[in-house]
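# Structure at a glance
Here's the letter readout for the chains.
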Amino acid sequence: MSEGERIHKFLSRAGLGSRREIEGWVREGRVKVNGQIATVGQPVTPADSIAVDGRRVAMRVAADVPCKVLIYRKPTGQIVTRRDPEGRETVFQHLPRPGRGRWVAVGRLDVATSGVLPFTTDGELAQRLMRPEYRIPREYSVRVFGRVTDAQLDILRKGVALEDGVARFDAIEIGGATGDNQWFHVTVHEGRNRLVRRLWESQDLQVSRLIRTRFGPLVADKSIRAGGSRLARPDEVKALRELVGMGGASR
């Protein structure tokens, strides 16, 4: 570390946020190093004095922050941000204190989507879990309004050209029907914005409810109420780390 490490990567590994989030703070002028406004990509070491929004960060070697994973069961109506200028309810208002480090959200769920939302104190782990090349499976229960044909399901399995590239469901299972609505269980391997909703909308179908039931090895079991959470077990953390090539050991 004598030559320093880029500030967004260094602070992310120390559990302050995702690399993208911290880089945004730097661009906004919210981060100072040794009293000077930081620049994007600036190298830092544990010997530097770093402050975010005027508050000094108690720096420690990133390896001193234990890797914890939290499984949060997000209800509809909450947004995935640390603070909202409109004063809306955020998921971070409902998380337990991690002890050392800071919870980093692994991706997002939109305000109308509920279900499994992982958090971790390990910024590097969070960053890898969000990268598409690792193909982390995400399962959803989807309630679709209207009649869905076999031809539409076949298209959704084969692939649809969206504005940000071709996407498809890796698996679709048909669930039960209630009135004009039908339930499906679908799997995707990437976390593009509103991907599940956009796939159904590409077939002129409306999603009336969307619940994420699994993220990799993490599921929202019955022990977690809506708006509640639990720490992932060591075997779940090990499986999650192995999915992104970090090995089973966690600090």
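Residues numbered from 1 in each chain as written. Predicted model: local features only at pLDDT ≥ 70, side-chain atom pairs only at ≥ 80, totals over all residues. Heavy atoms only, no water.

## With respect to unusual backbone geometry
Although it is not a glycine, D53 sits at a positive phi angle of roughly 55 degrees. Tracing the backbone shows D53 in the loop between β5 (50-52) and β6 (55-56). Its identity as a non-glycine residue notwithstanding, D204 has a phi of 60 degrees, on the positive side. If you trace the backbone, D204 turns up in the loop between α5 (195-201) and β15 (206-215). According to the relative accessible area criterion, D204 is exposed, its value standing at 75%. (Helix = DSSP H or I, 4+ residues; strand = E, 2+ residues; numbered from the N terminus. Buried < 20%, exposed > 50% of the residue type's maximum accessible area, 1.4 Å probe, protein only.)

## A look at helix α4 (residues 150-158)
Taken together, the buried positions of α4 are occupied by Q152, L153 and L156. One side of α4 carries all its buried residues, which in axial view fall inside an arc of 100 degrees. Exposed side chains of α4 directed beyond 90 degrees from the buried face belong to D150, A151 and K158. Its buried side turned inward, α4 meets β11 (160-162), β13 (171-178), β14 (181-188) and α5. (Arc of directions from axis to C-beta. Contact = heavy atoms within 4.5 Å.)

## Side note on the sheet that holds strand β2 (residues 31-33)
Spatially, four strands are ordered β3-β2-β5-β6 in an open sheet, and the strand pairing comes out antiparallel. Taken across any chain shown, the strands that pair with only one partner, and hence form the sheet edges, are β3 (36-37) and β6. Sheet topology note: the β2/β3 ladder contains two bridges and is antiparallel. Bridging from a neighbouring strand, V33 pairs with Q36 of β3. (Pairing = 2+ DSSP bridges.)

## Re the packing of aromatic side chains
According to the stated counting rule, one finds four aromatic pairs in the structure shown. Between Y72 and F119, the ring centres sit 6.2 Å apart and the planes meet at 80 degrees, which makes this aromatic pair edge-to-face. With Y72 in strand β7 (residues 69-74) and F119 in strand β9 (residues 114-120), this residue pair connects regions lying 47 residues apart in the sequence. The same class applies to Y72 and to F119, which are both buried. Note on F169 and W200: the rings are 5.6 Å apart at their centroids and 45 degrees apart in plane angle, and the pair reads as tilted. With F169 in the loop between β12 (165-167) and β13 and W200 in helix α5, this pair connects stretches of sequence that are 31 residues apart. The exposure class assigned to F169 is buried, which follows from its relative accessible area of 0%. Pairwise contacts between aromatic rings join Y72, F92 and F119 into one cluster. (Phe/Tyr/Trp six-rings, centres within 6.5 Å; stacked < 30°, edge-to-face > 60°.)

## Some details on the nonpolar core
Formed by 32 residues in total, the largest nonpolar core has its most connected members in F119, V142, F169, V186, V196 and W200. Ranked by residue count, the leading element in this core is α5, at four residues. Among residues more than four places away in sequence, those in contact with V196 are Y140, V142, F169, V186, V188 and L210. The next biggest cluster of nonpolar side chains, apart from the first, holds 18 residues, and it includes A126, A232, V237 and M246. (Core = buried A, V, L, I, M, F, W, Y, C linked by side-chain atoms within 4.5 Å.)

Treat this as a map of the structure, not an account of what it does.
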